[in-house]
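# Structural overview
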Amino acid sequence: MRLYAVLFAIGLAVYGALAWDRLGKQSVAPQFVVQADAWLHGHLDVQPVTSDADWAKVETVVLADGREVQGRRMTTQALFRTLHGERIPTSQIRQSKGFAWYVSFPPVPALLMVPSALIGGRGGNDVIPTVLIAAAILPLFLLVLRRLREAQLSKRSETEELWLVALLAFGTVLFFSSVQGKVWYTAQVCGVALALTYTWASIEAKRPVVAGLALGAAALTRTAMAFMVPLFLFELWRCRRGDYKRVLVRFGIPVAAFAIAGMVYNAVRFGSPTEFGHTYLDVRQQAQIEQWGLASYHYLGRNLTVALTLLPEWLGRAPWIQIGGHGLALWVTTPLLLFLLWPRDRPAIHRALWLTVACVALPSLLYQNSGWVQFGYRFSLDYMVFLVMLLAIGGRPLGRLGKTLIIIGLLVNLFGAVTFDRDWAYYRVGGNAYDVVVAH
């Protein structure tokens, strides 16, 4: 227990130090705190809006035939799209009765912000809770690595496990995400903590109820994380634990409970159990959403480029390097991931982990947003736990090369944690940068 406490303290100290100028105030994108405060006052909408960062906007209008409908005006056509999918020419609108604003991001992180809302109301702090959750990731990951060793799926020593804990905490894009406090990054940090809980419970399918609770909560934190389910199912099949049906029921009941709650929440706000609100985002990407949808093969090439190829640009003058708004490639922010190409061992859980990575990664690769603005490909945090677990079970020694790559990752991500959203000279985000993935 002492080591777990020490790891939590290290995480708290490092993340707290790198978030130093943000700890005492609310971030500029406090959607989860605002939502928590709205719940406490008996509302689902969050009027009035406190910032213009990624809110869902629903307008109520009166039509020429006297009907009153809700929806949004499309940007690519002179049409009004209702909550039920009907498309009405805007010429039929006789009166606007105003707007309702909603938080379209999945709601579990907002539950974690209820204490902040109780203390500070709408102005509650969202940075400190994010740092606390991030600090808990360090001991949680050590728990997972030890479970792998107990299950004879990993041969790592305790020293190597601690190196891998440092890698996940400070050698991935989790580092810069943990010191922001904004809605996008808070969701990613919460997702990593829930992925670790789910993984710990799923190994050998020993704790199906905990696994189901963690999976359900993760799905209502980061939608793509609903696809983590293969890990538990493969572990149940591999270990042939007890009565399959009984274990699946114990796993499935909490998952179903979260799913039903989420669908009811969606239906009450947006008239559809599967509409969580991103269709109504008041953002610059609305035109492409209307043309291609929230998810499409059309976005795959761009997102693969962002995830796998983006490098910093050499300017030849101060500040010498500049990072595009889409961030840096995975192997640049976490060089040790290259070890995944040549594993020495492939234990029984190897295929299940890769399948889980693929299932969770695909929705983000088909999504209309790349994660912009970011230091590195932050959507990788939805499955980063499984990638680092693959490094753990891969058996390739963390010798001089491995530790050097980890240290390089630590330094790269330290730079991101220090500079991102502080010194924009190092980032290319102005003008039409969103539509320019590679500058030249």
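About the thresholds
- Residues numbered from 1 in each chain as written.
- Predicted model: local features only at pLDDT ≥ 70, side-chain atom pairs only at ≥ 80, totals over all residues.
- Heavy atoms only, no water.
- Helix = DSSP H or I, 4+ residues; strand = E, 2+ residues; numbered from the N terminus.
- Rg over C-alpha atoms; globule rule 2.2 N^0.38 Å.
- Buried < 20%, exposed > 50% of the residue type's maximum accessible area, 1.4 Å probe, protein only.
- Contact = heavy atoms within 4.5 Å.
- Areas by Shrake-Rupley, 256 points an atom, 1.4 Å probe, with all protein chains shown as cover.
- Lys, Arg positive; Asp, Glu negative; His and termini not counted.
- Charge placed at Lys NZ, Arg CZ, Asp CG, Glu CD.
- Patch = residues over 30% accessible without salt bridge, like charges linked within 9 Å, V, L, I, M, F, W, Y side chains within 5 Å.
- Salt bridge = Lys/Arg side-chain N within 4 Å of Asp/Glu carboxyl O.
- Core = buried A, V, L, I, M, F, W, Y, C linked by side-chain atoms within 4.5 Å.
- Phe/Tyr/Trp six-rings, centres within 6.5 Å; stacked < 30°, edge-to-face > 60°.
- Axes fitted to C-alpha atoms, helices over the stretch in contact; angles between N-to-C directions.
- Parallel < 35°, antiparallel > 145°, perpendicular 65-115°, else oblique.
- Left-handed = near helix turned anticlockwise from the far one by under 90°.
- Nonpolar A, V, L, I, M, F, W, Y, C, P; charged D, E, K, R; others polar.
- Expected span 1.5 Å × (residues − 1).
- Polar contact = N/O pair within 3.5 Å; in protein donor to acceptor, adjacent residues only side chain to side chain.

## What about the overall build of the chain?
- Across its full length, the chain carries 17 helices and 8 strands.
- Taking 22 Å as the expected radius of gyration for a compact globule of 440 residues, we find that the chain reaches 22 Å, a close match to that expectation.
- Dimensions of the chain, computed from the C-alpha atoms along their principal axes, are close to 70 × 65 × 45 Å.
- Across the 440 residues that make up the chain, the buried fraction comes to 55%.
- The long-range share in the chain, meaning contacts at least 24 apart out of those at least 6 apart in sequence, stands at 75%.
- Summing over all exposed atoms, the chain offers an accessible surface of approximately 18700 Å²; the carbon and sulfur share of this is 63%.
- Counting 40 positive and 26 negative side-chain charges, the chain places the averaged centre of each group 8 Å from the other.

## Considerations on a nonpolar patch on the surface
- Together, L233, F234, W237, Y244, L248 and L355 line one region of the surface with nonpolar side chains, adding up to about 540 Å² of accessible area.
- At the level of elements, helix 10 (229-239) and helix 11 (244-270) are the ones that each hand at least two residues to the nonpolar patch.
- When residues in the nonpolar patch are grouped by element, the largest group, 3 residues, is from helix 10.

## Some details on the nonpolar core
- In terms of nonpolar packing, the biggest core is built from 121 residues, with Y15 and F141 touching the most fellow members.
- In terms of residues, this core owes the most to one element, helix 8 (residues 183-202), which gives 13 residues.
- Residue contacts for Y15: discarding those within four places in its chain leaves V131, A134, A135, L138, A169, F170, L174, F175, S178 and V179.
- In terms of nonpolar packing, the next biggest core, distinct from the first, is built from 7 residues, A56, V58, L83 and A100 among them.

## Examining the packing of aromatic side chains
- Scanning the entire structure with this criterion turns up 21 aromatic pairs.
- Taking the centre distance of 6.5 Å and the plane angle of 70° together, the rings of F32 and F105 count as edge-to-face. In this pair, F32 sits in helix 2 (residues 31-40) while F105 sits in the loop between strand 5 (93-102) and helix 3 (108-112), placing the two residues 73 residues apart along the sequence. For the pair F32 and F105, one class covers both residues: buried.
- Between F176 and F375, the ring centres sit 5.9 Å apart and the planes meet at 65°, which makes this aromatic pair edge-to-face.

## Quick notes on the pattern of salt bridges
- Counted according to the given criterion, the structure contains 17 salt bridges.
- Salt-bridge contacts for R146 lead to E158; the nearest nitrogen and oxygen are separated by 2.7 Å. Of this pair, R146 sits in helix 5 (residues 127-150) while E158 sits in helix 6 (residues 158-170), and the two are 12 residues apart along the sequence.
- Residue R146 is classed as buried on the basis of its relative accessible area of 19%.
- Among the residues examined, E158 registers a relative accessible area of 38% and is labelled partly exposed.
- Residues participating in the shared-partner salt-bridge network are R147, E150, E204 and K206.

## A look at helix 2
- Of all 10 residues in helix 2, 8 are buried, a share of seventy percent or more.
- Buried within helix 2 are the following residues: Q31, F32, V33, V34, Q35, A36, D37 and A38.
- On its buried face, helix 2 is in contact with helix 3, helix 4 (114-120), helix 8 and helix 11.
- Of the residues one or two after helix 2, G42 is the one with positive phi, at around 80°.

## Considerations on the packing of helix 5 against helix 6
- Taken N-terminus to C-terminus, the directions of helix 5 and helix 6 make an angle of 140°; their axes are 9 Å apart at the nearest point. Judged by the angle between their axes, helix 5 and helix 6 are oblique. For the pair helix 5 and helix 6, the crossing hand works out as right-handed. Across the interface between the two elements, I137, L138, F141, L142, L145, R146 and R149 from helix 5 touch E158, E161, L162, L164, V165, L168, A169 and F170 from helix 6.
- Looking at the contact of helix 5 with helix 6 residue by residue, the classes come out as 11 nonpolar, no polar and 4 charged.

## Some points on unusual backbone geometry
- In this model, A318 is joined to P319 through a cis peptide bond whose omega is 5°.
- If you trace the backbone, P319 turns up in the loop between strand 6 (313-314) and strand 7 (321-324).
- With a phi angle near 50°, A205 is a residue other than glycine that sits in the positive phi range.
- By secondary structure assignment, the location of A205 is in the loop between helix 8 and helix 9 (208-219).
- Take A205: its relative accessible area is 1%, and that puts it in the buried class.

## Side note on helix 6
- Between the first and last C-alpha of helix 6 there are 18 Å, a value that for 13 residues agrees with the 18 Å anticipated at 1.5 Å per step.
- Within the sequence span of helix 6, burial applies to E160, E161, L164, V165, L167, L168, A169 and F170.
- Summarising the contacts, the buried residues of helix 6 are in contact with helix 1 (2-18), helix 5, helix 7 (174-178), helix 8, helix 16 (384-394) and helix 17 (400-419).

## Digging into the environment of R238
- Residue position: R238 is located in helix 10.
- For the pair formed by R238 and L3, sequence separation is 235 residues and the distance between their alpha carbons is 31 Å.
- When sequence neighbours within four positions are dropped, the list of residues in contact with R238 reads L153, E204 and A348.
- Within the local environment of R238, its side chain forms a polar contact with the side chain of E235, the two groups lying 2.8 Å apart.

By themselves these figures say nothing about function.
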